[in-house]
Amino acid sequence: MMDRLLPQEIEPPTPAMERLTARMVLPIQPQLMVYLADIRAQVDGELQPMLPPVSPVKPYPLGRCEEITRAAMTILSRRLRKPAHPVEYALASFLRQGGRIRTVWGALRNTYFQNAFQIGSLYADVANDTVVITKPKVEILPVRECGLAPIRDIPHFIEIAGTYWGGEIYPNLVIPDLAPLFPMISRVPHQSARLQMGCDYMIDLFRRDEFRGPEAFLAAAPPPPPEVVEELRGLCPEAVRHVAPDSGRNLAIAACRRARDARADDAWRDRLVLDLLSIKRF
């Protein structure tokens, strides 16, 4: 049996979805490009004034693919509930006949993380310039040609993070209670130490694996350096328990095993996410 699709996992198009997309979306692709560019212009007007640069050398929109894609999907979803534009009528009809429009996330051409839309059998990137600022803001390609692949496991995540972020990834031996869902600490230039990765895809990947991937990483990876440990501990509120790495490894491994044995539910997941969100980020 195939594993269920994870949140934001790119979906290989079925022949039926390819036929539906060819019939209902491909004929409007030029208009769709213009339409998505207009949405992107609205998003830029809203986000650019409120989002600081991700680093001194990365002005908006660099590094903001998640925020841009999320905001664009919010606008599109709202408009499709009450279509008023030819593209909106076409996409709403596409959805009524079984089409799918959703956000996707993964490793683009095995080089960097990227968020985008999947519209049937098409990949539509409304944040195409967030890594290379001179690229067009919007790109539409067949899913089979786009080069977006799901993150397979922690080693794959670390590979892309190293290439894209230029940082280091360490095991979370500091906040062991959160380690089953957030088993990694990242130290990236111009950013504070932080736990990874808070997206729904990675959370559900670890849950589907029953936390075996996090457990193996936490058991074997070299500990974070003292300065990273102290920085992360200093960012934690009092309610979030933190420990020294020499005791944290066994506690983190035990947390993974407890979560697996207890078949941790959504309420447990939500509690850990709230704890993650309470840790300061700079």
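A. View of the pattern of salt bridges. The full count for this structure, using the stated rule, is 19 salt bridges. In this structure, Glu-11 engages Arg-100 in a salt bridge whose closest nitrogen and oxygen atoms are separated by 2.8 Å. Of this pair, Glu-11 sits in the segment before helix H1 (15–24) while Arg-100 sits in the loop between helix H4 (86–96) and strand E1 (101–108), and the two are 89 residues apart along the sequence. Note on Glu-11: relative accessible area 24%, which makes it partly exposed.

B. Spatial organisation of the packing of helix H8 (residues 212–220) against helix H10 (residues 245–262). One way to put it is that H8 packs onto H10 with a least axis distance of 9 Å and a crossing angle of 165 degrees. Here H8 lies roughly antiparallel to H10, going by the angle between them. Here H8 and H10 pass one another in a crossing that is left-handed. On the side of H8, the interface is formed by Arg-212, Pro-214, Glu-215, Leu-218, Ala-219 and Ala-220, while H10 contributes Arg-249, Ala-252, Ile-253, Cys-256, Arg-257 and Arg-260. For the contact of H8 with H10, the residue count by class is seven nonpolar, no polar and five charged.

C. Focus on the layout of surface pockets. In this model, the largest pocket occupies a volume close to 1,400 Å³. The wall of the largest pocket is formed by 41 residues, among which Glu-66, Glu-67, Arg-194, Met-197 and Arg-281 lie closest to the centre. Mapped onto the lining of the largest pocket, the elements with two or more residues apiece are helix H3 (65–81), E1, strand E2 (112–119), helix H6 (154–165), strand E8 (194–196) and helix H11 (266–278). When residues in the lining of the largest pocket are grouped by element, the largest group, six residues, is from H3. Here the residues of the lining of the largest pocket are counted per class, giving 21 nonpolar, 11 polar and nine charged.

D. Focus on the sheet that holds strand E5 (residues 148–149). Taken in spatial order, the five strands of this open sheet run E4-E3-E2-E1-E5, and their pairing is antiparallel. Two strands in the sheet have a free side with no partner beyond their single neighbour: strand E4 (139–142) and E5. Sheet topology places E2 next to strand E3 (residues 122–125); three bridges connect them, and they run antiparallel. When the sheet's bridge partners are listed, Gln-118 is paired in E3 with Tyr-123. Set on the sheet, H6 makes contact with E1 and E2; between it and E2 the angle comes to about 105 degrees.

E. Quick peek at the sheet that holds strand E7 (residues 184–187). Ordered by their spatial adjacency, three strands build an open sheet running E6-E7-E8, and the pairing between neighbours is antiparallel. The sheet terminates laterally at strand E6 (168–171) and E8, the two strands that pair on one side only. Taking the axes of each pair of neighbouring strands and ignoring which way they run, one obtains an average angle of 40 degrees across the sheet. By the bridge criterion, three bridges tie E7 to E8 in an arrangement that is antiparallel.

F. Inspection of H4 at higher detail. For H4, every residue scored as buried is listed here: Val-87, Glu-88, Ala-90, Leu-91, Ala-92, Ser-93 and Phe-94. Check the buried side of H4 and you find it contacts H1, helix H2 (29–47), H3, E1 and E2. Remark: Gly-98 follows H4 within two positions and exhibits a positive phi of approximately 105 degrees.

How each quantity is defined
- Residues numbered from 1 in each chain as written.
- Predicted model: local features only at pLDDT ≥ 70, side-chain atom pairs only at ≥ 80, totals over all residues.
- Heavy atoms only, no water.
- Salt bridge = Lys/Arg side-chain N within 4 Å of Asp/Glu carboxyl O.
- Helix = DSSP H or I, 4+ residues; strand = E, 2+ residues; numbered from the N terminus.
- Buried < 20%, exposed > 50% of the residue type's maximum accessible area, 1.4 Å probe, protein only.
- Axes fitted to C-alpha atoms, helices over the stretch in contact; angles between N-to-C directions.
- Parallel < 35°, antiparallel > 145°, perpendicular 65-115°, else oblique.
- Left-handed = near helix turned anticlockwise from the far one by under 90°.
- Contact = heavy atoms within 4.5 Å.
- Nonpolar A, V, L, I, M, F, W, Y, C, P; charged D, E, K, R; others polar.
- 1 Å grid on protein atoms, 1.4 Å probe; cavity = no way out; pocket = protein on both sides within 12 Å on 5 of 7 lines; lining within 4 Å.
- Points joined across faces, edges and corners; volume = space filled by probe spheres on them.
- Pairing = 2+ DSSP bridges.

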